[in-house]
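Chain and residue survey
As a plain string of letters, each chain reads:
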Amino acid sequence: MLLTWVRTGVSTTPLFLYSNRSSTVEEEIFVGQEDDPELLDDFDFEQNEDTPIKDKDVYKQKLKRRASQYKIKLLNPCRKGKKLLVLDIDYTLFDHKSPAENPKELMRPYLHQFLAASYSKYDIIIWSATSMKWVELKMEQLGVLGNPDYKITALMDHLAMITVQSENQSRKKTFDCKPLGVIWAQFPEYYNEKNTIMFDDLRRNFVMNPQNGLVIKPFRKAHSNRDNDHELVKLTHYLLSIGDYEDLSRLDHGKWESFIDDSAKRRKRS
């Protein structure tokens with residue numbers, strides 16, 4: 001299989017060519033606009049907001065409508081007593097821009113070990129800003145679906161996202177985000193703001209649930225960075241360290257690296 005990216009019209013689209021298939025071309029427009037230079041630096045998108053986006057009635061109503069309209073299809077049952085880990089795909093688990101003969105060459109190092117270890121304490125949902133066809137294709141090609149060492153609870157796509165607007169230094173920015181309330185509304189007996197954590201390389205995707213988001217270092221240029229990327233190893237330690245906490249939303253996930261360093265020091269002293 002040859003994996004590459006081509007520019008068609010105004011959007012960049014992934015092109016998959018399989019030698020054993022006559023015609024398989026997946027063309028996707030990323031509703032998250034991941035390569036828009038106006039949105040790449042999203043660290044201060046709420047800095048000048050009088051009212052946080054998550055607290056505005058217009059977006060609360062959007063979330064309510066989306067939760068009622070978008071139906072999450074379970075691949076495996078929710079497990080009572082487990083916390084929830086929600087994962088982005090592009091630049092979080094997979095370098096979707098570099099060329100490769102095999103998609104596994106673009107997989108983030110230690111992905112399967114990370115998912116297997118996390119599964120002991122967390123149900124896992126994959127949520128990407130692309131279509132479900134594209135989400136399924138990536139997960140199948142990477143060997144995530146049907147893996148004997150862990151189970152994926154559900155897959156979610158761009159249709160579960162909502163559009164919000166942020167005002168920053170008198171400029172308005174419109175973008176899509178991933179409100180975790182869509183999940184909580186459908187599985188209230190299992191998941192809530194206290195037991196959910198979400199990894200994404202884009203901070204703006206947490207705008208409706210900033211207390212539940214952890215910004216992961218983007219995995220880019222897989223061929224040159226593969227041997228030096230240990231992000232998932234470190235994050236495995238973090239997830240397991242906080243796995244027994246009653247309320248994950250009270251933790252400062254922005255300081256996760258300091259947390260695991262302090263935990264390691266405490267273990268050495270004990």
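Residues numbered from 1 in each chain as written. Predicted model: local features only at pLDDT ≥ 70, side-chain atom pairs only at ≥ 80, totals over all residues. Heavy atoms only, no water.

- If you look the protein up in an unreviewed UniProt entry, it shows as FCP1 homology domain-containing protein from Urochloa decumbens.
- Under Subcellular location (unreviewed entry), UniProt gives the following word-for-word description of the protein: "Nucleus". (UniProt positions renumbered as here; feature names shortened; annotations may be inferred.)

Comments concerning the overall build of the protein
- Broken down by element type, the protein carries eight helices and nine strands.
- Looking at the protein residue by residue over its 270 residues, the buried ones come to 50%.
- Long-range contacts, defined as pairs at least 24 residues apart, comprise 71% of the intrachain contacts of the protein with a sequence gap of at least 6. (Helix = DSSP H or I, 4+ residues; strand = E, 2+ residues; numbered from the N terminus. Buried < 20%, exposed > 50% of the residue type's maximum accessible area, 1.4 Å probe, protein only. Contact = heavy atoms within 4.5 Å.)

With respect to the sheet that holds strand 8 (residues 196-200)
- Taken in spatial order, the five strands of this open sheet run 5-4-3-8-9, and their pairing is parallel. Every interior strand has two partners, whereas the edge strands, strand 5 (154-156) and strand 9 (213-215), have only one. Direction aside, the axes of adjacent strands within the sheet are offset by 25° on average.
- Against the sheet, helix 3 (residues 111-118) touches strand 3 (83-87), strand 4 (122-127) and strand 8, its axis set at about 160° to strand 3.
- Along the sheet, helix 7 (residues 231-242) makes contact with strand 3, strand 4, strand 8 and strand 9, crossing strand 8 at roughly 170°. (Pairing = 2+ DSSP bridges. Axes fitted to C-alpha atoms, helices over the stretch in contact; angles between N-to-C directions.)

Focus: the pairing of strand 8
- The buried count for strand 8 comes to five of five residues, which makes it a mostly enclosed element.
- By the alternation rule, side chains of strand 8 split into Thr196, Met198 and Asp200 and Ile197 and Phe199, which are all buried.
- Where strand 3 lies against strand 8, four bridges are found, and the strand directions are parallel. Its bridge partner being in strand 8, Val86 is matched across the sheet by Met198.

Examining the packing of aromatic side chains
- Considering all chains together, one arrives at six aromatic pairs under this definition.
- Ring centres of Tyr238 and Trp256 lie 6.2 Å apart, and the angle between their planes is 55°; on these two criteria the pair is classed as tilted. With Tyr238 in helix 7 and Trp256 in helix 8 (residues 256-269), this pair connects stretches of sequence that are 18 residues apart.
- For Tyr238, a relative accessible area of 1% gives the class buried.
- Taken together through their ring pairs, the aromatic side chains of Tyr238, Tyr245, Trp256 and Phe259 make up a single cluster.
- The positively charged end of Arg79 is found above the aromatic ring belonging to Tyr119, 3.7 Å away from the centroid.
- Across from the ring centre of Tyr190, 5.2 Å away, lies the NZ or CZ of Lys80, which sits over that ring. (Phe/Tyr/Trp six-rings, centres within 6.5 Å; stacked < 30°, edge-to-face > 60°. Lys NZ or Arg CZ within 6 Å of the ring centre and 35° of its normal.)

Here's the deal with helix 2 (residues 57-69)
- The end-to-end C-alpha separation of helix 2 is 18 Å, in line with the 18 Å expected for 13 residues at 1.5 Å each.
- Turning to helix 2, its buried residues are Tyr59, Leu63 and Ala67. Down the axis of helix 2, the smallest arc covering the buried residues is 80°, so these residues share one side. Opposite the buried face of helix 2, by more than 90 degrees, sit the exposed residues Asp57, Lys64 and Gln69. (Expected span 1.5 Å × (residues − 1). Arc of directions from axis to C-beta.)

Considerations on the pattern of salt bridges
- Per the counting criterion, the structure on display carries ten salt bridges.
- Between Lys234 and Glu231 there is a salt bridge, with its nearest N and O atoms 3.9 Å apart. Residue Lys234 and its partner Glu231 are both found in helix 7; the two are separated by three residues, about one turn of the helix.
- By relative accessible area, which is 31% here, Lys234 ends up partly exposed. (Salt bridge = Lys/Arg side-chain N within 4 Å of Asp/Glu carboxyl O.)

A word on unusual backbone geometry
- For Tyr91, which is not glycine, the phi dihedral falls at a positive 70°.
- When you line up the elements, Tyr91 lands in the loop between strand 3 and helix 3.
- With a relative accessible area of 3%, Tyr91 lands in the buried category.

Points about the environment of Leu240
- Among the structural elements, Leu240 can be located in helix 7.
- Each C-alpha atom, one on Leu240 and one on Tyr119, is 9.9 Å from the other, the two residues being 121 residues apart in sequence.
- Those residues in contact with Leu240, other than ones at most four positions away along the chain, are Ala117, Ser120 and Lys121.

So, the confidence of the model for the protein
- The predicted model of the protein averages 85 in pLDDT, with 80% of residues at 70 or higher.
- This model gives residues 1-40 a pLDDT under 50, and the stretch forms 92 contacts once residues within four places in sequence are excluded. (pLDDT = per-residue confidence, 0-100.)

Some remarks on the nonpolar core
- Among the nonpolar cores identified, the biggest contains 38 residues, and Leu87, Phe114, Ile126, Ile197, Phe199 and Tyr238 are the most heavily contacted of them.
- Of all the secondary structure elements, the ones that give two or more residues to this core are strand 3, helix 3, strand 4, helix 4 (132-141), strand 8, helix 7 and helix 8.
- Per-element tally for this core: the top contributor is helix 7, with five residues.
- Core analysis: the next-biggest nonpolar cluster, separate from the first, contains 29 residues, Ile72, Cys78, Phe175 and Met208 among them. (Core = buried A, V, L, I, M, F, W, Y, C linked by side-chain atoms within 4.5 Å.)

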